[in-house]
Amino acid sequence: MLRRYGSQYAPAVLMIAVAVAAFFAFPFNLAFLTRILIMIVLVLSLDLVLGYAGIATLGQAAMYGAGAYAAGLFAIHVWADPVAGLLIGALAGAALAALAGLALMRTHGLTLIMLTIAVAQICSEIANRARDITGGADGLRGIRMQPVLGIWEFDFIGRTGYWYAFAVAAVVMVLLAVLVRSPFGLSLRGIHQSPERMLAIGAPVYWRRHAAYTLGGGIAGIAGALTAQITQLVSLETFSFALSAEAMIMLILGGTGRLYGAVIGTVIFMWVHHTAAANDPFNWLFVIGAMVLAVVFFLPTGLISLPPALKRLAKGGRHAGS
Amino acid sequence: MTDTVLDLVNVTAGYGPTHVLRGIDLHVRAGERLAVIGRNGAGKTTLLGTIMGLTKLHEGSVRLRGQPIDRLAPFRRNALGLGLVPQTRDIFASLSVEENLLAAMRGDASLDEAYALFPRLKERRRNGGRQLSGGEQQMLAIARTLMTRPEIILLDEPLEGLAPVICEQLMSVFEDLAADGSRSVVLVEQHAEAALAFATRAILMANGAVVWEGAAEDLRRNPDLLHRHVGVGVEA
């Protein structure tokens, strides 16, 4: 039993240990580490939508951007409390996903992908045109957040931002872990495998997909709100296609439909991106491309399946040697 | 017929523009055990698909407790008490036995009930769908449908390809399901003998139409009729 619980909670304990170690090991890189944590939340939202529910999307940035602008505007004009801002970001992301999802969830495949991109582009253009409200191409400025829970002030070095982002990512991770093991989460996996089968056993496939898309939108909105609160700036880039595409690459790299895969993929992608771009600002994309190719060819289920694959390889080697 | 729970009136249905069922009239009473017998291609699976809303209804109407359900989506029909165990079993391979059951669970359904009906599933609850034998998959398919609390269970060739000992076990479970009369069981089968031994009433289907309807016992005593429409005889 100890072994079972050990294997169940070991990844979570390891993640906390890595977060603490990273905080002390890279005290001058907290802004970058915080960006990783925010991306983890965004990629987790994509994992729910794509990895579990099988909804192919390249427009997750739409909800991320909606959350960022909503939280930023809320902080400027209403209340600068971080937790309230997160809720507003989540609501904005979920509302956009719920509205767009009514039409999007009736489509599949390439049509769906194209429409998700279109939604993000429309949002970007609306934010660009509504210059008086959003700051247009200059971005939304003037966000000044109150201390987190009235206690921890956001500091210049980014300590508070780091732990705040870590706490939010951890809460999102735990909630998603509960959700994907619930009957609702399991039915999403069923729908991903075969919508027709789920229909035959009485699942409201359209509404379940819609609910998953809305929940994913809410989580993406939280990620957007986090970035608005911590960087105190929201730009049109929050709606960019590149952000959605990168999130998808991170998820595929780590492994879809396994939550931890989203975490691993994000950390590795961003770390490789950071290091390769610092060493060779012109050819860093080559490293990313090679890494993605290698994973797709040799570990099609993502880097999360590397340990069991190595274990199998070692076992095979032992058998061959004996 | 006031005690019917499911009525099909002059139903013509099929796939796309193709008509598979032609002018079907069928009435299922509360707590009834109905056997639907017919050769491959007679329209048995299409009949169940039409009841569940998975096949396009061209003409006629399907009524549940007197209310038309023609325009309802399959999940709404399921919520009203119709449950289908598909011929293909449709187990989710990447989910464990328990997860397959939980994915369909509704209302006050519990895993314990499913495991009481199929103790074998409890033993295999952590195994993946693709690790199950054919019989275990069929047990899981039936248990999963029961998790949606159906009042009318539509079983589509549940004995197909299974060993005789498993068939006996499953028939015993069908007896249990129908025993208290609270559920109607519609059993579509090519194993005419087993189906007729279970059912109180039977219909014979050929070329998308009902060609005979009556007491199951009468059909058991009429091997010529069975032979003509199913291609097998039944020892009375």
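Just above sits the structure.
One structure accompanies this document, and this report is about it. (Residues numbered from 1 in each chain as written. Chains lettered and ligands numbered in written order. Predicted model: local features only at pLDDT ≥ 70, side-chain atom pairs only at ≥ 80, totals over all residues.)

**Points about the overall build of chain B**
Right, on to step 1. In terms of helices and strands, chain B carries 10 helices and 10 strands.
Right, on to step 2. Here chain B has a C-alpha radius of gyration of 17 Å; the compact-globule value for 236 residues is 18 Å, and the two agree.
Right, on to step 3. Taking the principal axes of its C-alpha atoms as reference, chain B extends roughly 45 × 40 × 35 Å.
Right, on to step 4. Relative to its 236 residues, chain B shows a buried fraction of 47%.
Right, on to step 5. Across chain B, the fraction of contacts at a sequence separation of at least 24, relative to all contacts at a separation of at least 6, is 68%. (Helix = DSSP H or I, 4+ residues; strand = E, 2+ residues; numbered from the N terminus. Rg over C-alpha atoms; globule rule 2.2 N^0.38 Å. Buried ≥ 20, exposed ≤ 12 C-beta atoms within 10 Å, placed from the backbone. Contact = placed C-beta atoms within 7 Å.)

**Some words on the overall build of chain A**
Right, on to step 1. Of the regular secondary structure elements, chain A holds 14 helices and 0 strands.
Right, on to step 2. For chain A, the α and β elements follow one another from N to C terminus as α-α-α-α-α-α-α-α-α-α-α-α-α-α.
Right, on to step 3. Since a compact globule built from 322 residues should have a radius of gyration of about 20 Å, the 20 Å found for chain A is in line with a globular shape.
Right, on to step 4. Taken over the C-alpha atoms alone, chain A extends approximately 70 × 50 × 45 Å along its principal axes.
Right, on to step 5. Intrachain contacts of chain A at a sequence separation of at least 6 include 76% that bridge at least 24 residues.

**Notes on the nonpolar core**
Right, on to step 1. Of all hydrophobic cores here, the largest spans 167 residues; its most connected members are A:Val41, B:Ala35, B:Leu154 and B:Leu187.
Right, on to step 2. Of all the elements, helix α2 (residues 30-52) of chain A adds the most residues to this core, at 16 residues.
Right, on to step 3. Not counting residues up to four positions away in its chain, the partners in contact with B:Ala35 are B:Leu187, B:Glu189, B:Ala195, B:Leu196, B:Phe198, B:Ala199, B:Ala202 and B:Ala216. (Core = buried A, V, L, I, M, F, W, Y, C linked by C-beta atoms within 7 Å.)

**Digging into the environment of B:Gly134**
Right, on to step 1. Tracing the backbone through its elements, the reader meets B:Gly134 in helix α6 (residues 134-146).
Right, on to step 2. Expressed as a C-alpha distance, the spacing of B:Gly134 and B:Met171, which sit 37 residues apart in the sequence, is 15 Å.

**Considerations on the sheet that holds strand β5 (residues 67-68) of chain B**
All names here are of chain B.
Right, on to step 1. Here 4 strands make up an open sheet; going across it, the order is β2-β1-β4-β5 and the pairing antiparallel. What marks the edges here is a single partner per strand, and that holds for β2 (18-29) and β5.
Right, on to step 2. The sheet contact formed by strand β4 (residues 56-64) and β5 spans 2 bridges and is antiparallel. In the strand pairing of β5, arginine 63 is matched with proline 68. (Pairing = 2+ DSSP bridges.)

**As for the interface of chain A and chain B**
Right, on to step 1. At the junction of the two partners, chain A supplies 14 residues and chain B supplies 21 residues.
Right, on to step 2. Within the residue set of the side of chain A that touches chain B, elements represented by two or more residues are α8 (183-193) and α9 (195-200) of chain A.
Right, on to step 3. At 6 residues, the largest contribution of residues to the side of chain A that touches chain B is made by α8(A).
Right, on to step 4. Across the side of chain A that touches chain B, the residue classes break down as 7 nonpolar, 5 polar and 2 charged. (Nonpolar A, V, L, I, M, F, W, Y, C, P; charged D, E, K, R; others polar.)

**Some words on helix α3 (residues 97-104) of chain B**
Right, on to step 1. Of all the 8 residues making up α3(B), 7 are buried; the element is thus mostly covered by neighbouring parts of the structure.
Right, on to step 2. Those residues of α3(B) not exposed but buried are B:Val97, B:Glu99, B:Asn100, B:Leu101, B:Leu102, B:Ala103 and B:Ala104.

**Observations regarding the pairing of strand β10 (residues 209-215) of chain B**
All names here are of chain B.
Right, on to step 1. Relative to β10, strand β9 (residues 201-206) runs antiparallel, the two being bridged by 6 bridges. The residue of β10 that forms the bridge with arginine 201 is alanine 215.
Right, on to step 2. Counted between consecutive antiparallel strands, the loop separating β9 from β10 contains 2 residues, among which asparagine 207 sits at a positive phi close to 50°.

**So, helix α5 (residues 109-129) of chain A**
Given 3.6 residues to a turn, an α-helix orients residues that are three or four positions apart in the same direction.
Right, on to step 1. In a regular helix each residue adds 1.5 Å, so 21 residues correspond to 30 Å; α5(A) covers 31 Å between its end C-alpha atoms and thus fits that length.
Right, on to step 2. Residues of α5(A) that are buried sit in contact with α3 (60-77), α4 (82-104), α6 (131-134) and α11 (241-254) of chain A. (Expected span 1.5 Å × (residues − 1).)

**Quick word on the packing of α8(A) against helix α10 (residues 205-231) of chain A**
Residues and elements named next belong to chain A.
Right, on to step 1. Taken N-terminus to C-terminus, the directions of α8 and α10 make an angle of 115°; their axes are 10 Å apart at the nearest point. With respect to each other, α8 and α10 are oriented roughly perpendicular. Where α8 crosses over α10, the handedness of that crossing is left-handed. The segment α8 lies against α10, with Ser187, Leu188 and Ile191 engaging Val205, Arg208, Arg209 and Ala212.
Right, on to step 2. Of the residues in the contact of α8 with α10, the class split is 4 nonpolar, 1 polar and 2 charged. (Axes fitted to C-alpha atoms, helices over the stretch in contact; angles between N-to-C directions. Parallel < 35°, antiparallel > 145°, perpendicular 65-115°, else oblique. Left-handed = near helix turned anticlockwise from the far one by under 90°.)

**Describing the sheet that holds strand β8 (residues 184-189) of chain B**
Residues and elements named next belong to chain B.
Right, on to step 1. Within the open sheet, the 6 strands sit side by side as β6-β7-β8-β3-β9-β10. Their pairing is mixed. Both outer strands of the open sheet, β6 (82-85) and β10, are each paired with one neighbouring strand and no more. Averaged over all adjacent pairs, the angle separating strand axes in this sheet is 15°, with direction ignored.
Right, on to step 2. Summarising the sheet, β6 and strand β7 (residues 152-156) pair through 4 bridges and their orientation is parallel. Looking at the pairing, valine 85 lines up with leucine 155 of β7.
Right, on to step 3. In the packing of α6 onto the sheet, the strands contacted are β6 and β7, and the crossing angle to β6 comes to about 170°.

**A closer look at unusual backbone geometry**
Negative phi is the rule for most residues except glycine; trans is the rule for most peptide bonds.
Right, on to step 1. With phi around 45°, A:Leu259 is a residue other than glycine that occupies positive phi space.
Right, on to step 2. Within the element layout of this structure, A:Leu259 appears in the loop between α11 and α12 (260-279).
Right, on to step 3. Judged by the 25 C-beta atoms lying within 10 Å of it, A:Leu259 is buried.
Right, on to step 4. Phi at B:Arg149 takes a positive value of approximately 60°, unusual for a residue other than glycine.
Right, on to step 5. Tracing the backbone shows B:Arg149 in the loop between α6 and β7.

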